[in-house]
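What follows is each chain in one-letter form.
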Amino acid sequence: KFLFACQYPVSTSLLAAMKVFTAGALVAAAGATDLTLTWSDCGDASTKTKISAFKPDTLTLGQKTTMTGTGALSEDVAGANFDLEMTGAIGKLVSCQGDASAAKTCSLPLGTGTLTFDAMTFPLKAGSTDVNVDIALSAAVPASLQTTTTRCTAAASNGDKLFCIEIKSAPALRSEERRVG
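Residues numbered from 1 in each chain as written. Predicted model: local features only at pLDDT ≥ 70, side-chain atom pairs only at ≥ 80, totals over all residues. Heavy atoms only, no water.

**Q** Which residues make up the overall build of the protein, and what values do they have?
**A** Within the protein, the secondary structure is distributed over 2 helices and 11 strands. The order of helices and strands in the protein, counted from the N terminus, is α-β-β-β-β-β-β-β-β-β-β-β-α. Here the protein has roughly 10800 Å² of accessible surface; of this, 59% comes from carbon and sulfur atoms. (Helix = DSSP H or I, 4+ residues; strand = E, 2+ residues; numbered from the N terminus. Areas by Shrake-Rupley, 256 points an atom, 1.4 Å probe, with all protein chains shown as cover.)

Structure, rendered in structure tokens:
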């Protein structure tokens, strides 16, 4: 058996440069602060509002973002209750319900953020209707927990399905990742 050892002299300035490069690479890897949002209407044929538009298409971690689904309500509605749920890699993250005429904030586990159902003004008149949910996710949420599904539904006071929107979040691809392939 032969043992071959080789030593290269390494200057202090080269070591310092390597430390700065490594720290910068770690910050860049952890710094994916935008999440991509996609959505779908999850209502069926009996749902009174078909969601046809949604904004925004991204959110920034550490900032409050208002997600708005817009649709056409087929008839006037006197009142409703909402159900807001978020699931992720570790299962159900939050589930809260309430009167749709009152705003309600629901906390995510371990201080990672909040979801707020924004109050709707009743009676709702037939026509264009917005559904607003504010989301605030901590900038410290690890990438493995940034992929979520949020479902917001409501039922009118008479039991009719009012709306259903499903919003999915995922880490946004950085420009370097988009070019690969």
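**Q** Go over the sheet that holds strand β10 (residues 148-156) with me, naming the residues and quoting the values.
**A** Pairing is antiparallel in the open sheet, where 6 strands are placed in the order β3-β1-β11-β10-β5-β6. Lying at the two open borders of the sheet, with one neighbouring strand each, are β3 (58-60) and β6 (91-99). Between one strand axis and the next, the sheet turns by 20° as a mean value, whatever way the strands run. Across 3 bridges, the pairing between strand β1 (residues 34-41) and β3 is antiparallel. The residue bridging T36 from the neighbouring strand is T58, located in β3. (Pairing = 2+ DSSP bridges. Axes fitted to C-alpha atoms, helices over the stretch in contact; angles between N-to-C directions.)

**Q** I'd like a description of the state of the cysteines, backed by residues and values.
**A** Inspection of every chain in the model, using the stated rule, returns 2 disulfides. Between the sulfur atoms of C42 and its disulfide mate C164 the distance is 1.8 Å. The chirality of the disulfide connecting C42 with C164 is left-handed, given an S-S dihedral of about -95°. Highlighted residues: C42 in the loop between β1 and β2 (49-55) and C164 in strand β11 (residues 161-171), separated in sequence by 122 residues. (Disulfide = S-S within 2.5 Å.)

**Q** If you had to explain the packing of aromatic side chains to someone new, which residues and values would you point to?
**A** Per the counting criterion, the structure on display carries 2 aromatic pairs. Seen in terms of ring centroids, F82 and F117 are 4.1 Å apart; in terms of plane orientation they differ by 5°. Their pairing is stacked. Here F82, found in strand β5 (residues 80-88), pairs with F117, found in strand β8 (residues 113-117); they are 35 residues apart in sequence, far enough to count as distant. (Phe/Tyr/Trp six-rings, centres within 6.5 Å; stacked < 30°, edge-to-face > 60°.)

**Q** Which residues make up the environment of S107, and what values do they have?
**A** Counting through the fold element by element, S107 comes out in strand β7 (residues 104-107). Judged by its relative accessible area of 54%, S107 falls in the exposed class. Linking S107 and L93, residues 14 residues apart in sequence, is a C-alpha distance of 8.9 Å. In contact with S107, not counting residues within four places along its chain, are V94, G113 and T114. (Buried < 20%, exposed > 50% of the residue type's maximum accessible area, 1.4 Å probe, protein only. Contact = heavy atoms within 4.5 Å.)

**Q** Tell me about the pairing of β8, and name the residues and values.
**A** Most of β8 is tucked away: 4 of the 5 residues are buried. Relative to β8, β7 is paired through 4 bridges, and the arrangement is antiparallel. Opposite S107, over in β8, you have T114 as the bridge partner. By the bridge criterion, 5 bridges tie β8 to strand β9 (residues 127-137) in an arrangement that is antiparallel. Each residue of the ladder has a partner; that of T114, found in β9, is A136.

**Q** Quick rundown of the sheet that holds β9? Include the residues and the values.
**A** Here we have 5 strands laid out as an open sheet, ordered β2-β4-β9-β8-β7, and antiparallel in their pairing. Since the sheet does not close on itself, it has two edges, and those belong to β2 and β7, each with one partner. Averaged over all pairs of adjacent strands, the angle between their axes in this sheet comes to 25°, without regard to strand direction. Inspection of the sheet shows strand β4 (residues 64-73) paired to β9 by 10 bridges, in the antiparallel sense. Bridge assignment links M67 to a residue of β9, and that residue is V133.

**Q** Lay out the environment of R151 in plain terms, naming residues and giving numbers.
**A** Topologically, R151 is positioned in strand β10. Accessibility expressed as a relative area gives 36% for R151, which makes it partly exposed. The sequence separation of R151 and E166 amounts to 15 residues, and the corresponding C-alpha distance is 4.4 Å. With sequence-adjacent residues up to four places away left out, R151 is seen in contact with C42, D83, L84, E85, C164, I165 and E166. For R151, the side chain forms a polar contact with the side chain of E166, separated by 2.9 Å. (Polar contact = N/O pair within 3.5 Å; in protein donor to acceptor, adjacent residues only side chain to side chain.)

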